[in-house]
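Descriptive structure summary
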Amino acid sequence: MSSGRSRHRTWDWDSPQCRAQLDEVFFRRHDYIQAGSQDHKEFWSFFDRFQRFKTKRDMSGSGSSRKEAREQEGRDKRKSGKVDLDLPKDYDARYRINVSVCTRDIEERMGRSGKGSSGPGPQETSDCRLALLHFLDFSQKQSFGKLAKLRREQKSLPIYQYRSRIVDLVRRHPVVVVAGDTGCGKSTQVPQYLLSAGFHNIACTQPRRIACISLAKRVSFESLNQYGSKVGYQIRFETTRTTATKLLFLTEGLLLRQIQQDTTLAQYNVLIVDEVHERHLHCDFLLGVLRSLLASRPDLRLILMSATINIKLFSDYFNSAPVLQVPGRLFPIQVIYQPIPSEEQPSRSEKLDPRPYLRILQGIDQRYPPEERGDLLLFLSGVAEISTIQEACQVYATHTRRWIVLPLHSTLSVAQQDKVFDTSPPGVRKCIISTNIAETSVTIDGVRFVVDSGKVKEMSFDPKAKMQRLQEFWISRASSEQRKGRAGRTGPGVCYRLYAESDYDAFAPYPVPEIHRVALDSLILQMKSMHLGDPLSFVFIDPPPAASIQAAVTYLKEQGALDSRGELTSIGSLLAQLPVDVVIGKMLVLGSLFNLVEPVLTVAAAFSVQSPFLRSSQQNPDCATACQPLHSNQGDPFTLLNTFNAWVEVKGERGGGSRKWCRRRGLEEQRLYEMVNLRRQFRDLLKSHGLMEPVYSAPSGGDRKQRRERLTERRKLHQLKREHEQLEGSRRKVLRLEEGQEGDLSSGSDTEEAGKGRKDKAGSGQNMDIQEVKFKLRHNVSELQEAVSISQDLPSRQQALLKLLLCRGLYPQLALPDEHNSNRKDSEQVFHTRNKQGVVIHPTSVFASDPEVLHVPEDETREMGPDRRDSSRHQVLAFVTLLETNKPYLSNCVRVPALQALLLVANSIDSNADCARLVVDGWLELELREAEGALKVLATALTLRAEWEHLLQAQLKQSPAGEPEVQGVSRRVIEKLSENLVRFLLYTEISYSLRRLTAFQTQNLYIGPRPESELSQTEIPDLKPLFPGAEAKPDPIKGGLRVTSFFTYNCLADSKDLYSECLRTFWTCPNCDLYMPLTPLERMQHEASCRPAGEQQQLDKDPEDEKVATSSSVSSLTRVYHCDVCNEDLNLTSTEILKHKRQHMYSTK
Amino acid sequence: MEHNTTETPQKTFTCQLCGLTSPFTYYGQKPPNTRAIVLLEECFMTKDPFCPEKEKFLVLGSNCSLCSMCVCVGLDCSLFYTKRFCMQCVNKHLDQFPHQIQAELAKKRQSSQAAVS
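Residues numbered from 1 in each chain as written. Chains lettered and ligands numbered in written order. Predicted model: local features only at pLDDT ≥ 70, side-chain atom pairs only at ≥ 80, totals over all residues. Heavy atoms only, no water.

**Overview of the overall build of chain A**
When its secondary structure is counted, chain A shows 42 helices and 34 strands. Within chain A, the fraction of its 1149 residues that count as buried is 51%. (Helix = DSSP H or I, 4+ residues; strand = E, 2+ residues; numbered from the N terminus. Buried < 20%, exposed > 50% of the residue type's maximum accessible area, 1.4 Å probe, protein only.)

**Structural notes on the pattern of salt bridges**
Residues and elements named next belong to chain A. As enumerated under the stated definition, the model contains 56 salt bridges over all chains in all. Between Glu979 and Arg983 there is a salt bridge, with the nearest N and O atoms lying 3.1 Å from each other. Here the residue Glu979 and the residue Arg983 both occupy positions in helix 36 (residues 971-987), the gap between them amounting to 4 residues, near one helical turn. According to the relative accessible area criterion, Glu979 is partly exposed, its value standing at 34%. On the basis of relative accessibility, which here comes to 41%, the residue Arg983 falls in the partly exposed class. (Salt bridge = Lys/Arg side-chain N within 4 Å of Asp/Glu carboxyl O.)

**Overview of the confidence of the model for chain B**
One rule of thumb: low pLDDT means the predicted coordinates there are not for detailed reading. Residues and elements named next belong to chain B. The pLDDT averaged across chain B works out to 86; a share of 90% of its residues lies at or above 70. Summarising per-element confidence for chain B, the mean pLDDT is lowest in helix 2 (residues 99-116) (84) and highest in strand 7 (residues 70-72) (96). Note that pLDDT drops below 50 for residues 1-8; the model gives that stretch 17 contacts with residues more than four away or on any other chain. (pLDDT = per-residue confidence, 0-100. Contact = heavy atoms within 4.5 Å.)

**Concerning the pairing of strand 8 (residues 78-81) of chain B**
Residue and element names in this part refer to chain B. Where burial is concerned, the two faces of strand 8 agree: the one with Ser78 and Phe80 and the one with Leu79 and Tyr81 are both buried. Relative to strand 9 (residues 83-86), strand 8 runs antiparallel, the two sharing 4 bridges. Bridging across to strand 9, Leu79 finds its partner in Phe85. Counting the residues in the hairpin turn of strand 8 and strand 9 gives 1 residue, including Thr82, whose phi is positive at 65°. (Pairing = 2+ DSSP bridges.)

**As for the nonpolar core**
Counting residues in each nonpolar core, the largest one holds 166 residues, and the members touching the most others are Leu304(A) and Trp647(A). In terms of domain composition, this core takes at least three residues from each of domain 2 (157-326) and domain 4 (517-577) of chain A. Sequence-distant contacts of Leu304(A), that is, excluding residues within four places in its chain, are made with Val175(A), Val176(A), Val177(A), Val178(A), Val273(A), Val276(A), Leu287(A), Phe314(A) and Phe318(A). By size, the runner-up hydrophobic cluster in this structure holds 53 residues, among which are Phe26(A), Phe50(A), Phe144(A) and Val73(B). (Core = buried A, V, L, I, M, F, W, Y, C linked by side-chain atoms within 4.5 Å. Domains from an automatic or database assignment.)

Put into structure tokens, the structure is as follows:
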């Protein structure tokens, strides 16, 4: 006894050693809870609470007397003849636990008398066991509580009443429309009803990626498969889909891509298309495709889910499909019309007047006590409007200390966007000033007041100017209702409409569907690749205007994606596979041919995401200075390239330190992460199409130790990611009152820095940067570094070539600097595109801050007349977007040498007789000083183009999957071509003028077709050898001779209408000893066929090249010529024929 | 409890008092892969869906030891005191339960009534 007591005295529950001894008994490797696990940790903290509870109870000393009383009672009851439950006499909480833990070990220890001096004795073992039982019971209760709560919530959703009807309808009809308003639960519940009814292979499309992720998360939780993969999502870069996945959330665009591969969608049994009322381009198209697919898949079930908007349209489109309408769950919302008085209406150019908005804030402060919670959501049309009102509201908020003003729009950084979900301190309301992003895409709970300006800025497309336009419109009644609904999600609300009820009545019923507003290029391309026939006869739910389809077809033809009959070209079918704009896809394909894949991948990725340069921080002088070294005056793509490369470098060296690096430069790191992901996707696509040599070093390279290290690291990263995912959402910060004052309102650098420093401290608790973790999981940093190092500090030759590739990709998106720009202020530089005059450079572009690099150097120019300026340094801009907001802006521009680039990429080049005057695409006129040089330049360009085109076609034709080791195009040929292109770009020194044609000039541009009689007089030279397969024919419209698909000779109505004969000048061929008078065309012919001696030999030697070379240089160049004079059949090239003929001519004279 | 075998191989547990349903994977006293753990009644169990580890189980419910009604372990539906009792049986034999339980139930009834009114 005494020994037991002494041992007992040494036992210390708080000692880690003592606890470890118990771990040996209860939490061994094979036990339900293992030492070191999360549960184990929780057990010991539960244990502490449990012991404290026990001590407290023991001290209050309740129990024993009552126990006796109850015993007495029980005995009495038993006598009264009732069922005896045979319950224990003494109450013990232990009896309420239905779990028991017993092993031999435990039994032994508990049975042991105090003699064993080591380890826990019976008392400790028993205490621990009791605590464990209570802990298990507690965990069971906790989990079951979650389950019960979940089921309660599911039952309370309005759609719950309809679950069997929905399943029944889906069983009986191929297409069902489920219409329900916000909060009815359709998006989360309908897929689950179908799952539990036994349907599987269900795909549910969403218009937004973020919705795919959050729905998959929610639905897997609700269907109790949070840790399984029964429910998954698939978006552009990420998927959680496995073979076990029965329900998949994916974007509309992705499903369309899947149909491209799997035309009957055999992988799915049920398709749910959600949010069809939003009428996105992809969704409208998807419905059209599914409509025709249903015929070949009678077993397929299609469910359309929509808000209660325009339901009949969808039902009718699918042969009067049954509609199930579900009421929403909205609290009552009071609507107050408060039209803006005329004196406060802004005129066109003015800023918004904040007074009507401030009055509402004031009104709320007067009418509603601050302890009544409820935030305000204010809808404005655009970013400029938001910052005007934000500024005014902030002044009011600082004064009253009752509001936190937060902007919300898509160009904000992710962190700033995220703030709207944080909560405000008591007595303070959030005032969220948002674009229509908060109408559908972003849902914020706790909003009680909505202010609706009634305006929206929408993108529209002007097919005539090939320009996007961001214009302000009145919203539709449907949008208006949607905005109002945002006030009634969590309780009754108020909606202030800043327009009259009569305005509301005059609104259009629905928003204009996207398909009516945007360029249809990508859509038409995809339709072509899906063999959907003539786009004009495709049955769309709401067909786009024919002109818009026609414009897209024309554009695709210009881009070379469709041939003249409107069929896909080989490059077109590849472009259709790439989920990017046609121009960007073209860049990728072009880049793959030359050794420029790495930089082109980066640029293409950069063009496909929002700019990483945050507008607000670029006005901050510190950020601007820090960014300076990243800028390239070659053009914005080079700045983006530098930025990306530098970032990868930082990531390699400092990992998560890149976040700080980005912040210092005002960069949104999220965009860079998007770029690196997109880049990877592009690379995979190019590889799978055989357009990139596979990397031979295995990804798991390195020795075993390195591999193991990497594996351990990956496991750790996965763990971090999981932990983050578990924490996510449960952590909402409380905003500080000063929150709205910093951020993008601050123009001074000090406030910006101060705000950020604070934020850093606040965020230090969650030190892990999840983006960094994901990045490391997805990419091998050293591989990436290697890849970008190729594109770092490109030599000027490579840079020139890259510029040309970008230009060819972006063509016909070219702009000409106005000739008077050098006399204008920096801010007033004007440019012209073919279809739109007087456009300006977007302030974010490098050319907006450094326009001089586009000017023709003064000392280079020679005034040739009042408006003719000759130089060899003219440049044009290739651009990615032309967007009109308050002005038409060009963004993402790159400068290229005008003459060379135009000759190499333009679809239409017309010349006069001596080729000294060239007109490109019917709008740019180039006059070259010397006809001699002009001819040489033109001839070189034509040869280079032919060669380039030939190689490109060869590259595209090679089998994509087949034998990667057989390169269809030899490296050496490509290197030769790129060298020649570079030489042409950099070393063409020829003086010329460059200007736009006036409207009058374009009217009388061409000589037009000549009568037959006239044509027969002049001999049509044979031009076959110059461009194999092309036949020089008189152009039926322009006149002159159509030499290639893009070059028409002598069709310009020149002042000097010269006959080709008179233009013959003596010329010596640099390669052979030919010396004779030739017309420009004859000379070009000769040049095309007469290669330098060295080159000829090289071609003969290289057997790889022979395939390529023979067709163009040998066989097609010579032909059988029957000379009447000699009466002989001669095998000659056309120049030789001419030479031969002339021989006779001179001899007869 | 319903064995919904027509549509899915999944077996479903349904509480006959509150209607809570959930698929279950095991019925018995010895949840699989749990070594020392034994249940003191035959239970409907499933893998704990809120826990990442595979072996963690969740007891959904069992049969009332008196009337055999299938009930969930929710506090409104059943009570375990050495045996499982559905709430109907508990109320019927309330007097046989220890004082502590009676007081607890009375308190709960009061608060739920307050919430309703």
